[in-house]
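# Tertiary structure, described
The chain contents come next:
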Amino acid sequence: MGTDQVRWHLPLTASVEEMTGLERWLWVVVGFSLVGDIVTTFVGLHLGLTESNPIARNAIDGWGLLGMLALKGFALGIALVCRGVLERPFRPIIPAALAIPWLAAVVINTFAIGTVLFY
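Below: a short report on this structure.

So, about the pattern of salt bridges. Applying the stated rule across the entire model yields two salt bridges. Between E23 and R83 there is a salt bridge, with the nearest N and O atoms lying 2.4 Å from each other. A residue pair is termed long-range when its members are at least 10 positions apart, and E23 in helix 1 (residues 21-46) and R83 in helix 3 (residues 65-85) qualify at 60 residues. Grouping residues by exposure puts E23 and R83 together as buried. A salt bridge links D37 to K72; the shortest N-O distance between them is 2.5 Å. Of this pair, D37 sits in helix 1 while K72 sits in helix 3, and the two are 35 residues apart along the sequence. Look at D37 and you get buried, because its relative accessible area is 6%.

And the structure:
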């Protein structure tokens, strides 16, 4: 039994210069969806809607906007660490994994806001 083929260190060397065009575009989408999710969440809360995600609800109830920003910052931090571990061809998975649910949240929040405002 040996450790000849075991990788014992994490090469956290992924830099912005190493990004592909797709990955850069996805990180831009992450930025817009992040802002969109935060804005639509707080507009909806202001209109009387409730947060459906229990973790986000607790963060917002306890700390308000700061709690939401901390939660999103934590997600971004985990994503950046994971990005550094992946090989280059697989790195676009990381921003896509953030952008897709955050974009879905923006769509859902916008629909919910629309139902409150127009019905």
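Resuming the write-up.
By size, the foremost hydrophobic cluster in this structure holds 13 residues, and its most contacted members are W27, V30, A79, L98 and W102. Counting only elements with at least two residues in this core, the list comes to helix 1, helix 3 and helix 4 (93-118). No other element matches the five residues that helix 1 contributes to this core. In this view, V30 contacts L76, P95, L98, A99 and W102; residues no more than four positions away in its chain are not counted.

Here is what the cut-offs are and how they apply
- Residues numbered from 1 in each chain as written.
- Predicted model: local features only at pLDDT ≥ 70, side-chain atom pairs only at ≥ 80, totals over all residues.
- Heavy atoms only, no water.
- Salt bridge = Lys/Arg side-chain N within 4 Å of Asp/Glu carboxyl O.
- Helix = DSSP H or I, 4+ residues; strand = E, 2+ residues; numbered from the N terminus.
- Buried < 20%, exposed > 50% of the residue type's maximum accessible area, 1.4 Å probe, protein only.
- Core = buried A, V, L, I, M, F, W, Y, C linked by side-chain atoms within 4.5 Å.
- Contact = heavy atoms within 4.5 Å.

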